[in-house]
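# Residue-level structure breakdown
Each chain is listed here by its residues.
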Number of protein chains: 2
Amino acid sequence: MGKVTIKDVAREAGVSISTVSNALNNVDVLTPETKKHVLEVAERLNYVPNLNGKLLKSGKTKLLGFFTTSVAGPYFYTLVESMSRECDRLGYGLSVLVTKDKQVIMNNILGGRVDGVIIFEELKINDHDIAVMAKNKIKAVFLDRVVQNETMGSIIFNSFEGGYEATKYLINLGHRKIAYISGVDTMFDSVERREGYVAALQEANFPIDQDYFLQGYFEEEGSYNAVKSFLHMHPDKVPDAFLAGNDLSAIGCIRALKSQGYEVPRDISVVGFDDIDIAPYFSPPLTTVRNQIARQGILVVNHLIRMIQKKEQGTVERLDVELVVRGSSQVKSGRHDPV
Amino acid sequence: MGKVTIKDVAREAGVSISTVSNALNNVDVLTPETKKHVLEVAERLNYVPNLNGKLLKSGKTKLLGFFTTSVAGPYFYTLVESMSRECDRLGYGLSVLVTKDKQVIMNNILGGRVDGVIIFEELKINDHDIAVMAKNKIKAVFLDRVVQNETMGSIIFNSFEGGYEATKYLINLGHRKIAYISGVDTMFDSVERREGYVAALQEANFPIDQDYFLQGYFEEEGSYNAVKSFLHMHPDKVPDAFLAGNDLSAIGCIRALKSQGYEVPRDISVVGFDDIDIAPYFSPPLTTVRNQIARQGILVVNHLIRMIQKKEQGTVERLDVELVVRGSSQVKSGRHDPV
DNA sequence: GATTGCTTTGAAAACGTTTTTATAGTATGA
DNA sequence: TCATACTATAAAAACGTTTTCAAAGCAATC
């Protein structure tokens with residue numbers, strides 16, 4: 001039972017409350033005998049310290065919050081698993097809150113339920129919200145936007161680089177007509193990746209065709225629909241290659257292409273983003289830009305805890321990406337478009 | 001700042017602490033003017049109640065723990081998302097702890113960090129651990145084993161039924177040689193599903209062939225390897241159909257079959273388990289036994305909170321399953337085994 | 001032998017709430 | 001008019017800790 005309090009232990013051991021507290025917290029001030037005796041009594045009574053009492057006093061919760069609009073998909077579960085492990089290692093808990101209601105997130109952030117927050121919420125939190133958080137000295141690390149001030153930072157992927165490298169790779173394979181399947185236009189990674197893509201095209205003096213900007217919402221089905229309807233609307237502009245905003249989009253894209261009789265990579269190359277766990281096992285195995293998701297989880301937890309414990313300033317860290325060439329892309333070859 | 005306390009509001013409003021508390025908590029005892037005034041002051045000062053203070057009083061943490069060995073894969077993220085949403089709806093937080101170290105789990109359970117726990121940990125928690133938890137009146141709900149006592153219950157899938165129905169379905173399609181790809185032999189769902197499978201075979205007076213028990217560890221790659229090596233070792237016993245312990249195994253199985261030149265479902269039928277979110281979009285779309293994963297998440301949270309708040313006894317609830325027929329299975333037709 | 005200083009322990013305050021109890025003030029009734 | 005009852009608010013206790021400060025005991029020093 002959680003009913004045994006420090007008072008009970010004190011009474012039973014015949015000492016004061018403060019002595020019990022000191023004994024339990026290894027404050028090096030008691031005689032070994034006293035300490036031993038107290039600990040024995042505590043053990044015998046099955047004493048378990050009440051967390052709320054502790055926390056009320058210290059003003060800390062030893063809990064980090066992960067506030068997000070979703071945990072679905074490989075990116076998130078890899079991230080959550082990594083963050084949870086790191087939190088546990090460092091003596092913190094990880095509280096996961098999935099909601100699309102921004103106000104719920106803000107209330108939880110400001111309510112002091114957690115010592116710090118990790119936020120992924122697709123940019124619906126605006127500058128005003130951030131200002132409020134800053135004023136309240138909330139410790140926060142963002143995964144999907146760049147924020148930097150006294151108490152807030154970001155750990156993000158070098159998505160611009162990724163988009164640029166992947167596009168350049170496709171260009172070098174001989175592809176000319178390259179389409180980009182974005183997430184949502186407000187999503188940081190999606191935009192950065194597209195900008196890298198545009199930069200590579202411009203560098204190669206290729207035209208930028210707005211028709212080649214598809215919207216797949218970073219989901220398998222969204223991408224499938226986008227690609228399918230594109231092929232339907234622009235049968236004359238079938239791309240040589242697709243750069244998908246993430247691997248799920250790549251998978252949806254490939255499914256759409258297959259359904260229209262195209263073979264990947266023979267007819268059309270497809271490159272994804274993330275290198276999610278199933279990417280190597282997909283058929284064909286995905287060529288993709290690897291994001292160090294697990295590493296992001298570790299870094300974000302450490303950065304947050306440093307800000308909490310050592311009052312460190314927030315920083316922005318960008319994780320390097322790496323192109324992983326597998327089976328979904330190849331040198332451009334003459335394609336016979338199916339009818 | 002999180003520094004504004006109820007005292008500050010009281011001073012600023014020129015009333016007592018208790019009046020502020022009553023105003024904030026809608027205790028119907030104040031004059032409307034007083035209440036309004038207090039609320040305005042609180043608003044103006046950006047007062048946010050300190051959670052630890054509240055909780056200390058109530059003796060609760062308003063936090064549920066989800067302790068698991070992994071959150072990877074569609075089953076888990078669907079579950080976590082569902083549990084998180086339900087927790088939020090009911091005013092609780094969800095603390096996720098991913099670890100394979102049983103002792104870490106036990107310490108967290110007994111440490112009073114949370115009001116109740118949801119446990120999925122592949123049966124490494126033994127009867128003794130459960131007895132300890134019972135003695136300490138820990139509120140717990142298990143997802144992967146049957147436990148029932150004063151403070152513990154289970155919400156599980158009707159896996160035996162599922163295995164039985166799926167197997168019967170395959171038999172009715174005309175398949176004779178049906179293999180089962182299990183998870184690990186200690187995993188509850190895996191075992192139950194297999195027992196249902198065996199029961200259906202026996203009912204049909206089919207022989208039970210131990211060679212047809214494959215082990216795929218509930219993972220895509222594990223299943224791929226198991227199927228591939230089976231085909232290699234028993235080229236004379238190629239099954240008519242595979243019943244996979246979960247959808248990931250089914251996907252790995254199909255990939256292995258394709259790699260050996262078999263086409264699904266033309267040559268071999270494959271049935272999975274779970275109906276994960278990508279099952280309808282896979283190629284071919286998976287025939288599978290649907291588990292109500294999101295519903296499991298909702299039920300487990302509610303059951304736990306009922307035990308916490310209303311001192312209800314633990315119960316065991318089994319969720320019905322449903323066979324969803326899609327494209328990965330069909331009536332047996334003469335197959336020409338590839339060379 | 002008194003003073004100082006150190007060691008060990010205890011008493012009490014503090015954290016921010018909610019809840020219980022007390023105290024004015026006001027209305028009601030005979 | 002005075003007791004009674006009720007209302008609105010305030011004061012104080014309580015939740016379970018940690019921490020600060022005081023006190024007591026004792027050894028060492030002069």
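Residues numbered from 1 in each chain as written. Chains lettered and ligands numbered in written order. Predicted model: local features only at pLDDT ≥ 70, side-chain atom pairs only at ≥ 80, totals over all residues. Heavy atoms only, no water.

With an unreviewed UniProt entry as reference, chain A is termed Transcriptional regulator, LacI family, source organism Paenibacillus aquistagni.

## A few points about the protein's contact with DNA strand C
As a structural note, the neighbourhood of DNA strand C is formed by 26 residues, with Thr19 and Thr34 of chain A together with Ile6, Ser21 and Asn50 of chain B the closest of them. For DNA strand C, the fraction of protein-proximal atoms (within 4 Å) that sit in sugar or phosphate groups is 65%. Asparagine 25 of chain B has a polar side-chain atom sitting 3.2 Å from a phosphate oxygen of DNA strand C. Contacts to DNA strand C include tyrosine 47 of chain B, whose side-chain N or O atom sits 2.9 Å from a phosphate oxygen. Contributions of two or more residues to the surface near DNA strand C are made by α2 (17-24) and α4 (51-58) of chain A together with α1 (6-13), α2 (17-24) and α4 (51-58) of chain B. In the surface near DNA strand C, the residues fall into 10 nonpolar, 12 polar and four charged. (Near = heavy atom within 4 Å. Polar contact = N/O pair within 3.5 Å; in protein donor to acceptor, adjacent residues only side chain to side chain. Helix = DSSP H or I, 4+ residues; strand = E, 2+ residues; numbered from the N terminus. Nonpolar A, V, L, I, M, F, W, Y, C, P; charged D, E, K, R; others polar.)

## Some words on the relation of the copies chain B and chain A
Of the transformation superimposing chain B on chain A, the axial component is 0.6 Å and the angular component is 178°, with the fit at an RMSD of 1.1 Å. Such values leave the two copies arranged in the relation of a two-fold axis. Using C-alpha coordinates, one finds that chain B approaches the rotation axis most closely at serine 95 of chain B, a distance of 2.5 Å. A shared interface surface links the copies, since 91% of the contact residues of chain B are contact residues in chain A too. (Least-squares fit on C-alpha atoms with pLDDT ≥ 70 in both. Contact = heavy atoms within 4.5 Å.)

## Description of the interface of chain B and chain A
Between chain B and chain A, the contact holds 44 residues from the first and 42 residues from the second. Buried area between chain B and chain A, summed over both chains or domains, comes out near 3,900 Å², and the portion from carbon and sulfur atoms is 53%. Three residues, Asn52, Arg113 and Tyr281 of chain B, lead the burial of chain B against chain A; their summed loss comes to 18% of the area buried on that side. There are zero salt bridges connecting chain B and chain A. In this assembly, chain B and chain A are joined by 14 residue pairs in polar contact (both at pLDDT 80 or more). If you list the elements that add at least two residues to the side of chain B that touches chain A, you get α4, α5 (74-89), β2 (93-98), α6 (102-110) and α10 (220-233) of chain B. (Buried area = accessible area lost by both parts, 1.4 Å probe. Salt bridge = Lys/Arg side-chain N within 4 Å of Asp/Glu carboxyl O.)

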